Amino acid sequence: MYAIEAKNLNKIYAANKKTRSPEKHALKDFDIQIPRGSIYGLLGPNGAGKSTFINILASLVMKTSGEVKIWESDIDSATRQARASIGIVPQEINLDPFFTPAQALDMQAGLYGVPKDKRRTEELLELVGLSDKANAYARSLSGGMKRRLMIAKALVHTPPILILDEPTAGVDVELRQMLWQNVRALNKAGTTILLTTHYLEEAEELCDHIAIINHGKKIKDTTKDRLIGQIESKELLITLAETTAPRMADLFKDCFFSNEGKNKVLIRYNPADINAGDIIERIRKKKNTIIDISTQEPDLEDVFLSLTRSK
Ligand code: ADP
Ligand code: MG
């Protein structure tokens, strides 16, 4: 039994004459099976179709075809049960600035029909570290506090599944760590987590299962450990003393290579195949003088680029 299961899911957004946007096939025969109890990462670059999938789960977007079950309830024939099984933290913050956190949670509980004596307002505020802000106006909260309040809001009806759409896009390192801790704690307490992200690092840090989606198609899904081994890559940006555009692509046929200006080269490589020492050695052998090296862990988008360019 899965927490969420989708089969042959398709979404085609109709063309819009006003905005002159053409028809868009945002999900293409998308299949996914999310095990109960997991922290599942849906990973892909911007525009891949992640939010479309989340919004279908939330009944905010109508699928074009396919089948979706949430906690064994079909979203077409058992819509209410399906919706009751998920709490969703959307990509954009949407809080009423004139409500306090306590009021916001109370309102949300009312919307979900949670009786007054079953409400967990204090407990949820405590969970996301906002107890001392219970009676402050939402507009006075920092960006990070607002995000944490959104998590608490998604949990008022105690759903078995929590879904976070890009929870840490554009947030600072400290808040990211705190959100990750919140997510881990919830998962430990039994909640299945589905999150979308375009940061490889986030999926690596947090998730036990990962599916990669690009252009509406699922490219891969596997456990994290297996995936990381397959796509991990590193980058070296090397600055040379020589100012003529370095012609050394031939040296790096087994890596991704590009010239980044008159005296800079970028080499992206899989550490399973070659190490940084070998790369530097190859350059030196050609009588080039290295004056600076910087390393970088590429994000998923870079990895995609190198995969598609080298094929
Ligand atoms: P992601 O969340 O992975 O960045 P989205 O699911 O938001 O991707 O978008 C997938 C594709 O569908 C994109 O090309 C996007 O422009 C398009 N799209 C998203 N929402 C709409 C919409 N309401 N109408 C038309 N096209 C849309
Ligand atoms: Mg999105």
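Residues numbered from 1 in each chain as written. Chains lettered and ligands numbered in written order. Predicted model: local features only at pLDDT ≥ 70, side-chain atom pairs only at ≥ 80, totals over all residues. Heavy atoms only, no water.

Enquirer: Which residues make up the overall build of the protein chain, and what are the values?
Expert: Looking only at helices and strands, the protein chain features 10 helices and 14 strands. Along the longest, intermediate and shortest principal axes, the C-alpha atoms of the protein chain span 75 × 45 × 45 Å. Across the protein chain, the fraction of contacts at a sequence separation of at least 24, relative to all contacts at a separation of at least 6, is 68%. In the structure as shown, the protein chain presents an accessible area of about 16,500 Å², 49% of it carried by carbon and sulfur atoms. Taking the average location of the 44 positive side-chain charges in the protein chain and that of its 41 negative ones, the two points are 4 Å from each other. (Helix = DSSP H or I, 4+ residues; strand = E, 2+ residues; numbered from the N terminus. Contact = heavy atoms within 4.5 Å. Areas by Shrake-Rupley, 256 points an atom, 1.4 Å probe, with all protein chains shown as cover. Lys, Arg positive; Asp, Glu negative; His and termini not counted. Charge placed at Lys NZ, Arg CZ, Asp CG, Glu CD.)

Enquirer: Could you give me a rundown of empty space enclosed by the protein, with the residues and numbers involved?
Expert: Tallied over the full model, the rule gives 2 cavities of 30 Å³ or more. Its boundaries defined by the atoms lining it, the largest cavity holds a volume of some 80 Å³. Lining the largest cavity are 13 residues, with V89, P90, R147, L164 and P167 positioned closest to its centre. Elements represented by at least two residues in the lining of the largest cavity include exactly α5 (143-154) and β7 (161-165). The volume enclosed by the second largest cavity comes to roughly 40 Å³. The wall of the second largest cavity is formed by E5, A6, K7, E67, V68 and K69. (1 Å grid on protein atoms, 1.4 Å probe; cavity = no way out; pocket = protein on both sides within 12 Å on 5 of 7 lines; lining within 4 Å. Points joined across faces, edges and corners; volume = space filled by probe spheres on them.)

Enquirer: So what about the nonpolar core? Which residues, and what values?
Expert: Counting 40 residues, the largest nonpolar core has I151, L162, L164 and I193 as its most contacted members. Leaving out residues up to four positions away in the same chain, L162 has contacts with G87, V89, I151, A154, L155, L186, T191, T192, I193 and L194. Core analysis: the second largest hydrophobic core is formed by 26 residues, A3, I4, A48 and I56 among them. (Core = buried A, V, L, I, M, F, W, Y, C linked by side-chain atoms within 4.5 Å. Buried < 20%, exposed > 50% of the residue type's maximum accessible area, 1.4 Å probe, protein only.)

Enquirer: Account for the packing of aromatic side chains, naming residues and giving values.
Expert: Scanning all chains against the criterion turns up 2 aromatic pairs. Seen from their ring centres, F252 and F257 are 5.9 Å apart, and the 5° between their planes marks the pair as stacked. Taken as a pair, F252 and F257 share a single burial class, namely buried. Residue placement shows R36 over the ring face of W71; its charged tip is 3.8 Å from the ring centre. (Phe/Tyr/Trp six-rings, centres within 6.5 Å; stacked < 30°, edge-to-face > 60°. Lys NZ or Arg CZ within 6 Å of the ring centre and 35° of its normal.)

Enquirer: Could you give an account of the sheet that holds strand β4 (residues 65-70), with specific residues and numbers?
Expert: On the basis of which strands lie adjacent, the open sheet formed by 4 strands has the order β2-β1-β4-β5 and antiparallel pairing. Single-partner strands in this sheet number two, and they are β2 (24-35) and β5 (73-74). Alignment of strand β1 (residues 2-13) against β4, held across 5 bridges, turns out to be antiparallel. Its bridge partner lying in β4, E5 is registered against K69. (Pairing = 2+ DSSP bridges.)

Enquirer: An account of the coordination of the magnesium ion (ligand 2) is requested, with residue identities and associated values reported.
Expert: Within the protein, S51 (OG) and Q91 (OE1) serve as the donor atoms for the magnesium ion (ligand 2), at 2.1 to 2.5 Å. You can see S51 sitting in helix α1 (residues 50-57) and its partner Q91 sitting in the loop between β6 (86-89) and α3 (101-111), a full 40 residues away along the chain. For S51, a relative accessible area of 22% puts it in the partly exposed group. Residue class for Q91 comes out partly exposed when judged on its relative accessible area of 31%. (Donors = N, O, S within 2.8 Å, 3.2 Å for Na, K, Ca; no water.)

Enquirer: Could you give an account of the site of ligand 1, naming the residues involved and the relevant values?
Expert: By nearness alone, every residue bordering ligand 1 is listed as Y13, K24, A26, P45, N46, G47, A48, G49, K50, S51 and T52. Between ligand 1 and G47 there is a distance of 2.7 Å, counted from an oxygen atom to a backbone nitrogen or oxygen. Measuring from an oxygen atom of ligand 1, one finds a backbone N or O atom of A48 at 3.2 Å. Coverage of ligand 1 by the protein amounts to 62% of the 570 Å² it exposes when considered alone. Those elements that provide at least two residues to the shell around ligand 1 are β2 and α1. (Near = heavy atom within 4 Å. Polar contact = N/O pair within 3.5 Å; in protein donor to acceptor, adjacent residues only side chain to side chain.)

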